[in-house]
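Single-letter residue listing:
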Protein chains: 2
Amino acid sequence: MTPDTGPARGFDTAEYRARTARAQALMAEQGLSALLLTTEPEVRYFSGYLTRFWESPTRPWFLIVPAAGDPVAVIPSIGAPLLARGWIRDIRTWRAPAPEDDGVTLLADTLRELAPGPVGVPMGHETHLRMPLADWQRLRDVPGVDLVPDGGILRRLRLIKSEAEIAKTAAACAVASRAFARVTEVMARGMTLDTVFRRFQMLCLEEGADWVPYLAGGAGPGGYADVISPAGPQALRAGDVLMLDTGLVRDGYFCDFDRNFSIGPPTAQVRNAHARLIEATQAGLAAARPGATAADVFHAMDRIVTDGAGGSDAGRLGHGLGMQLTEWPSLIPDDHTVLEPGMVLTLEPGLETGPGRIMVHEENIVLREHGADLLSDPASADIPVTGG
Amino acid sequence: MTPDTGPARGFDTAEYRARTARAQALMAEQGLSALLLTTEPEVRYFSGYLTRFWESPTRPWFLIVPAAGDPVAVIPSIGAPLLARGWIRDIRTWRAPAPEDDGVTLLADTLRELAPGPVGVPMGHETHLRMPLADWQRLRDVPGVDLVPDGGILRRLRLIKSEAEIAKTAAACAVASRAFARVTEVMARGMTLDTVFRRFQMLCLEEGADWVPYLAGGAGPGGYADVISPAGPQALRAGDVLMLDTGLVRDGYFCDFDRNFSIGPPTAQVRNAHARLIEATQAGLAAARPGATAADVFHAMDRIVTDGAGGSDAGRLGHGLGMQLTEWPSLIPDDHTVLEPGMVLTLEPGLETGPGRIMVHEENIVLREHGADLLSDPASADIPVTGG
């Protein structure tokens, strides 16, 4: 196993206090008396609560950020020992699951105590409510509980990463870069794609991933049909383009980038397509500067991959990245989010190489005052050839 | 790599038709004109749509099961090629993400076309709505769209597994059983717990897991503090009890069971605790018969692990299992779900071994007419000793 060379695990309490203070400043502007949070990244953002136990959909978890003071947790008792290792001191628990009242009364009582006014809940694009809808409706009906949209506060906060967060994504990218550098060890002509997927996940773990929540890809002659299908038992053949796209996690932060490989010598078309994807990525990198918009970066890449046709069915050419595999903004014509230092993005141009055949390339970047820096070890214009 | 020896991938169309017909019979009883589904397992249950792309929270996905006829998908265009490989023929797409109208109008139009009456949406315990709350509210306000609770139809359907589903869980259990049988290859005294976690995940992949969404556990002298914490860098020492609890996936179905190991010779207390956990598991196995309730199985185990005190902060002693790591029912005093053939459950008794120290054991079972059969290779009463 490769030694774990990334930054120290977790964050200082100062980081959580700063996040809370920023939230409270925005809440004051909007007249909110609290935020109510229910999803894994929302709860973790303020509490540091990191566990794979969210994979179980059974129990709801709640974090309240009041207008002043530290966040308050209302959670199942099974989670209290782990949460108490962090900085949150006010942890109120019930023994879940409790089908008749799974924390709703405790949550309502806590909200009435802490939040005399409107309580902001993330409701916009790319957010979910992680509690049963029937319980949400019960909570909404409690007198004295006033649930309103959060006005995009969570989006605004999470769009701009701290230096400590950027270091975590960089460490995840470094793990994946090391795994991609060794990819020839886990693939060969004649090997089935599902075996390659398994072996590549093992390689990511060996290089230091804590877990591998996401691996997608494809393989086919001159390109692949899509980039979200599970791997099947088809064997890699000469002339195939293999793509592996990994979202692995180290210390709670994702990377998300891919690499293409030619099985045996590539055709001129594949070679050219790969070079064009790298050219588009470099154009995206150059366009990603503070003051430019997400749409500007889209168009910089789209000019190269579709001659400016305005995109494809994939719908976007990159996105935010951090505690989740994909975050705001989207690199699409309609997203006019202004880029700022501290944003972490993927650049993900794709192009058609034939009927029902595509190739996609992806790198990860961070916005700085001077422009964008790469977090992933960038691929060269020449598609790597292997397994020949 | 171990050859993939489980059942063939996917399901026959007949399986999806049977699921749809059962849903429609229940919908008729309740006067529903359609079901609207938004989460990964709900959509996959009727469509077979299997992809790790759900890891991205950006895009909503919708499946409508009308009162008669085949399900209709309303999904982002990026997913259409994969979904079209299955049996669903009516696939309506939009190019997502589209922040101004991310499928809501298309969904509303489709519902108005297909569902003249009430549309059932899962809203109860252990369900979520996977779309932004603001979009849900917009949808609810569309004239002619009448969204109501699904009356537990999805819960009812998914509680009882088909033989084809049971075979998939059995295959996932077989992968984990093989991995546990080789666990001494990936651990040793002095190795850090996070390294053991990484290496065990690699072993699960090598034995045939498609991916490993869940691995939890702990290690400590005479027991561990909880069962949901991430692994830290502490080295395994003589006298530690190590527990690994894996929810790996093969072909979209989970296993979920654990094993305990003593690093070096166990104390009498640890040996006795392990034997008592196995005794409790066997009592649960004997109690899990058609006609008994989830609560009955809880009490059969609780009598042994807490002398009938009624449970612990973990909140339950087992749960349903299938397309998700945890499903209904819960083995708790308040869950009076009557057990039926075809239910797949975990038995998960735990006990305190000291202040802030616990041990937990878990097996997976399927309900048959005659009682319960084990799906996991059962652990013996003697705690395995290793790394000594």
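1. Here we look at the sheet that holds strand β13 (residues 344-347) of chain B
Residue and element names in this part refer to chain B.
- The strand order across the open sheet built from 5 strands is β12-β11-β13-β16-β17, with neighbouring strands paired in antiparallel fashion. Each edge of the open sheet is held by one strand with a lone partner, namely β12 (327-330) and β17 (371-374). Averaged over all pairs of adjacent strands, the angle between their axes in this sheet comes to 35°, without regard to strand direction.
- Strand direction decides the pairing type here: strand β11 (residues 318-320) and β13, joined by 3 bridges, are antiparallel. The residue bridging His319 from the neighbouring strand is Thr346, located in β13.
- Its contacts with the sheet put helix α9 (residues 268-287) on β11, β13, β16 (363-368) and β17, and the angle it makes with β13 is roughly 155°.

2. Re the domain arrangement of chain A
Residue and element names in this part refer to chain A.
- Taken domain by domain, chain A holds domain 1 (13-158) and domain 2 (163-386).
- Facing 9 residues of domain 1, the contacting portion of domain 2 comprises 8 residues.
- Every element with two or more residues in the side of domain 1 that touches domain 2 is listed here: α2 (40-47) and α6 (153-159).
- The leading source of residues in the side of domain 1 that touches domain 2 is α2, at 3 residues.

3. Thoughts on helix α8 (residues 193-206) of chain A
- Over its 14 residues, α8 of chain A extends 20 Å from the first C-alpha to the last, a length consistent with the 20 Å expected when each residue adds 1.5 Å.
- Gly208 of chain A sits one or two positions beyond α8 of chain A and adopts a positive phi of about 120°.

4. Structural notes on helix α2 (residues 40-47) of chain B
All names here are of chain B.
- Taken across its 8 residues, α2 has 6 buried, putting it largely inside the fold.
- Listed as buried for α2 are Glu40, Glu42, Val43, Tyr45, Phe46 and Ser47.
- In this fold, the buried residues of α2 make contact with α1 (13-30), β1 (34-37), β2 (62-66), β3 (72-76), α3 (80-84) and α6 (153-159).
- Residue Gly48 follows α2 closely and has a positive phi angle near 80°.

5. Here we look at the interface of chain B and chain A
- Residue-level contacts link 66 residues of chain B with 65 residues of chain A.
- When residues of the side of chain B that touches chain A are traced back to their parent elements, those giving at least two are α3, α5 (133-140), α8 (193-206) and β7 (211-221) of chain B.

6. What to know about the environment of Ala295 of chain A
All names here are of chain A.
- Relative to the helices and strands, Ala295 is located in helix α10 (residues 294-305).
- Ala295 gets classed as partly exposed once you count the C-beta atoms within 10 Å, which come to 18.
- It is 5.3 Å that separates the C-alpha atoms of Ala295 and Ile332, two residues lying 37 residues apart in sequence.
- Sequence-distant contacts of Ala295, defined by excluding residues within four places in its chain, comprise Ile332, Pro333, Asp334, Asp335 and His336.

7. Describing the sheet that holds strand β2 (residues 62-66) of chain A
All names here are of chain A.
- Pairing is mixed across the open sheet formed by 6 strands, whose spatial order is β4-β3-β2-β1-β5-β6. On the outer flanks of this sheet lie β4 (90-94) and β6 (147-149), each paired with one strand and no other. Neighbour-to-neighbour, the strand axes of the sheet open up by a mean angle of 25°, direction not taken into account.
- The pairing of strand β5 (residues 119-121) with β6 spans 3 bridges and is classified as parallel. Across the sheet, Val121 pairs through a bridge with Pro149, a residue of β6.

Definitions and limits used
- Every chain is numbered on its own, with residues counted from 1 as its sequence reads.
- Here the convention is simple: chains get letters from A, ligands get numbers from 1, in the order in which they are written.
- Only residues with pLDDT of at least 70 are given local features in this predicted model, and only at 80 or more are side-chain atom pairs given and counted; all residues enter the totals for whole chains, interfaces and linings.
- Strand pairing follows a simple DSSP-based rule, namely that at least 2 bridges must link the two strands.
- Helix numbers and strand numbers start at the N terminus; a helix is a DSSP run of H or I with at least 4 residues, a strand a run of E with at least 2.
- Angles run from 0 to 180 degrees between N-to-C directions of axes, and those axes are lines fitted to C-alpha atoms, restricted for helices to the stretch in contact.
- Once C-beta atoms have been placed from the backbone, residue pairs whose C-beta atoms lie within 7 Å are recorded as contacts.
- By convention here, the domain bounds are inherited from an automatic or database domain assignment.
- Working rule for helices: expected span equals 1.5 Å times residues minus one.
- Remark: C-beta atoms are placed from the backbone, and a residue is labelled buried if 20 or more other C-beta atoms sit within 10 Å of its own, exposed if 12 or fewer do, or partly exposed between those counts.

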